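As a plain string of letters, each chain reads:
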Amino acid sequence: MPSGRAPHRRTPRSLRTQLAVSFAAVAAGVTALVGFLSYDSAARLVRVDQQAVFDETVHDLRAQVQQERLTPDDFVYGDPDHDGPRDDLTSPAGTDVQVLGPDGDVVDSGSPRLPVDAEARSVAGARAAGTFAQRDDVEIRGDEYRTATVALGGGRGAVQVAQEFSDTEDLLRELQRRTLLYAASVVLAAGLFGWWLARRVTSRLIRLAETAEDVASTGRLDVAVPVEGGDEVASLGRSFDRMLGRLARSVEDQRRLVQDAGHELRTPLTSLRTNISLLRRIDELPPAAREELVADLAQESRELTDLVNELVDLAAGKEDDEPVVEVDLAQTAEDVATLARRRTGRTVTVRAESDGTTIAGRPALLQRALSNLVENAAKFDRDGTGPIEIAVGRAPGGGVRVEVLDRGPGLAADDLDRVFDRFYRAPTARSLPGSGLGLSIVREVAAAHDGTPFAGHREGGER
């Protein structure tokens, strides 16, 4: 059975803490490694150096007693010139000398007095000069020594040489303690520096997170985003700011689209309601009025369908997932002209340059935009007899220029800049069928392909 106890949830650590801990951990690892290697190398060098000094002293003593016939008196301390055999032995720092007689008795004690064991007495009575015995674990008054007993030969006695290495070990232990202390100081300093650095880095991330929370809770997109600096956090802030700007523009476009669509839908819906109310009295109407009423209903339903379709296309245009491919606009113009001839019965000609008319784009969108231009030209030049022309060529500044030319009534100068606005219809066109969305779709498609739509006059019509 379940115990009823709430499950324990681990409190997540902040990014600032994680960065500080990681920084301190890396510093600790590096410091520990460097400290260990440094201490180990230093200790090894010191110990090897001390051992080499002692070995060299013993070697020189053996060579000396083998070359010269020396007695214990030669090593007794008290040479006024300090150039005797004993002085040569005590010149290395930390070296102690003690002289033994033939029976192993101490003739001249060292400082401190060195222990004489059976092995040392045996060496003192040895006949061969240079015979020696060595120990590395002699403890005297709590200190550790390494000793060597070298025979003078002929049973004349021996000389003991001792080197204290406990001082060296004490020095190494002090070095170890200081190394650990310095390492702890470095780790502490690294942790504090890491905390400061993490705080400096994450403070802007925290402000970005607070801004995102503010946007999520309030829905407001006009909030100030911190973008100071030139690092990755600042780049993230600028990207976030641009994203909010795009979202704000998208929301505004959707709001305008809904408002404009609502406004434009009211007219055909009102007309439909009026005509539908007349259907209740259709038996009272003369045959001609009946035909006119049915024709009006059919026309209004078609206009309403076209308006809804164009609204859907316009709303989904920016999110079109059609892949970008190489599109030959000259061939697109030929396809549009063929379709327009079949729909309108008008003559549509295409004038295109032989090369340089290919761009990277979305074929269906480009064909829809060009079809809207041609259909617009045919609608506003309904009684025209001249051909509608499509011209495709290279633009002066680079790229491709596409023109649709007709000989319609033209536009007023004030309408030229607004004809591509959503739902805008010139006063002379408001009596004609249409939604005011066709040219706005052209503008959206052109903008999606880094282009700009334009309208102007030419002799005899609109361009």
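Everything numeric here is computed off the predicted structure, so don't read it as measured data.

(A) Looking closely at the overall build of the protein. Within the protein, the regular secondary structure consists of nine helices and 12 strands. Evaluated residue by residue, the protein yields a buried proportion of 35% over its 463 residues. For the protein, contacts bridging at least 24 residues in sequence account for 62% of all contacts bridging at least 6. For the protein, the computed accessible surface area is about 28,200 Å², with 53% contributed by carbon and sulfur atoms.

(B) Representation of a nonpolar patch on the surface within the structure. Together, Phe23, Phe193, Trp196 and Leu197 line one region of the surface with nonpolar side chains, adding up to about 370 Å² of accessible area. Of the residues forming the nonpolar patch, the biggest block, three residues, is contributed by helix H4 (residues 166-218).

(C) Representation of the pairing of strand E9 (residues 388-394). Among the seven residues that make up E9, five are buried, leaving the element largely enclosed by the rest of the structure. Here strand E7 (residues 348-352) pairs with E9 via five bridges, running parallel. Across the sheet, Val350 pairs through a bridge with Ile390, a residue of E9. Relative to strand E10 (residues 400-405), E9 is paired through six bridges, and the arrangement is antiparallel. Residue pairing for E10: Val392 is matched across the bridge by Val402.

(D) Representation of the environment of Asp136. By the secondary structure assignment, Asp136 is in strand E3 (residues 132-140). Through-space distance from the C-alpha of Asp136 to that of Ala162 is 9.5 Å; in sequence the pair is 26 residues apart. Not counting the four nearest positions on each side in its chain, Asp136 is found in contact with Tyr145, Arg146 and Phe165.

(E) A look at the packing of helix H7 (residues 329-344) against helix H8 (residues 363-380). The interhelical angle for the contact between H7 and H8, taken along N-to-C directions, is 45°, at an axis separation of 9 Å. As judged from the angle between their axes, H7 and H8 are oblique. Like other packed secondary-structure pairs, H7 and H8 cross with a definite hand, here right-handed. Where H7 approaches H8, its residues Leu329, Thr332, Ala333, Asp335, Val336, Ala340, Arg343 and Thr344 are matched on the opposing element by Leu366, Gln367, Leu370, Ser371, Val374, Glu375 and Ala378. Among the residues forming the contact of H7 with H8, the class breakdown is eight nonpolar, four polar and three charged.

(F) Main features of empty space enclosed by the protein. Counted by the stated rule, this structure contains one cavity of 30 Å³ or more. Lining the largest cavity we find Pro115, Asp117, Glu119, Ala120, Ala133, Gln134, Arg135, Val138, Thr147, Thr149 and Gln160. For the lining of the largest cavity, the secondary-structure elements that each account for two or more residues are helix H3 (118-124), E3 and strand E4 (143-151). Of the residues forming the lining of the largest cavity, the biggest block, four residues, is contributed by E3. Of the residues that constitute the lining of the largest cavity, the class distribution is four nonpolar, four polar and three charged.

(G) View of the sheet that holds E7. Taken in spatial order, the three strands make up an open sheet running E7-E9-E10, and their pairing is mixed. Here the strands that pair on one side only, and so sit at the sheet edges, are E7 and E10. Across this sheet, the average inter-strand angle for adjacent strands is 15°, counted without regard to direction. Contacting E7, E9 and E10, H7 runs over the sheet at an angle of about 175° to E7.

(H) Spotlight on the sheet that holds strand E5 (residues 158-164). The five strands lie next to each other as E2-E1-E5-E4-E3, forming an open sheet whose pairing is antiparallel. Edge positions in the open sheet fall to strand E2 (106-108) and E3, since each of these has one partner strand only. Pairwise comparison of adjacent strand axes, ignoring direction, gives a mean angle of 30° for this sheet. Here E3 pairs with E4 via seven bridges, running antiparallel. Residue Ile140 lies in a different strand from E4, and its bridge partner there is Asp143.

(I) Focus on the environment of Ser22. In this structure, Ser22 sits in helix H1 (residues 15-67). The spacing of Ser22 and Gly194 is 172 residues in sequence and 8.2 Å in space, taken between C-alpha atoms.

(J) Highlighting unusual backbone geometry. Looking along the chain, the bond that leaves Ser111 and enters Pro112 is cis, with omega of 5°. By the secondary structure assignment, Pro112 is in the loop between E2 and H3.

(K) Fine view of the confidence of the model for the protein. Of the residues in the protein, 77% reach a pLDDT of 70 or more, and the chain-wide mean stands at 75. Within the protein, the element-level pLDDT minimum falls on strand E12 (residues 461-462), averaging 46, and the maximum on H3, averaging 88. Confidence over residues 1-11 falls short of pLDDT 50; this stretch has zero contacts with residues more than four positions distant or in other chains.

(L) Representation of the packing of aromatic side chains in the model. Going through the model one piece at a time under the given rule, you end up with one aromatic pair. Aromatic pair Phe193 and Trp196: ring centres 5.6 Å apart, planes at 35°, arrangement tilted. With a gap of three residues between them, Phe193 and Trp196 both fall in helix H4, about one helical turn apart. Using a relative accessible area of 44% as the deciding quantity, one classes Trp196 as partly exposed.

(M) Highlighting the pattern of salt bridges. Scanning all chains against the criterion turns up four salt bridges. Among the salt bridges present, the one from Asp117 reaches Arg135, with a minimum N-O distance of 3.3 Å. With Asp117 in the loop between E2 and H3 and Arg135 in strand E3, this residue pair connects regions lying 18 residues apart in the sequence. On the accessibility criterion, Asp117 (27% relative accessible area) is partly exposed. Across the pair Asp137 and Arg135 runs a salt bridge whose closest N-O atoms are separated by 3.6 Å. What you see here is one network of salt bridges that share partners, running through Asp117, Arg135 and Asp137.

What counts and what doesn't
Residues numbered from 1 in each chain as written. Predicted model: local features only at pLDDT ≥ 70, side-chain atom pairs only at ≥ 80, totals over all residues. Heavy atoms only, no water. Helix = DSSP H or I, 4+ residues; strand = E, 2+ residues; numbered from the N terminus. Buried < 20%, exposed > 50% of the residue type's maximum accessible area, 1.4 Å probe, protein only. Contact = heavy atoms within 4.5 Å. Areas by Shrake-Rupley, 256 points an atom, 1.4 Å probe, with all protein chains shown as cover. Patch = residues over 30% accessible without salt bridge, like charges linked within 9 Å, V, L, I, M, F, W, Y side chains within 5 Å. Salt bridge = Lys/Arg side-chain N within 4 Å of Asp/Glu carboxyl O. Pairing = 2+ DSSP bridges. Axes fitted to C-alpha atoms, helices over the stretch in contact; angles between N-to-C directions. Parallel < 35°, antiparallel > 145°, perpendicular 65-115°, else oblique. Left-handed = near helix turned anticlockwise from the far one by under 90°. Nonpolar A, V, L, I, M, F, W, Y, C, P; charged D, E, K, R; others polar. 1 Å grid on protein atoms, 1.4 Å probe; cavity = no way out; pocket = protein on both sides within 12 Å on 5 of 7 lines; lining within 4 Å. Points joined across faces, edges and corners; volume = space filled by probe spheres on them. pLDDT = per-residue confidence, 0-100. Phe/Tyr/Trp six-rings, centres within 6.5 Å; stacked < 30°, edge-to-face > 60°.

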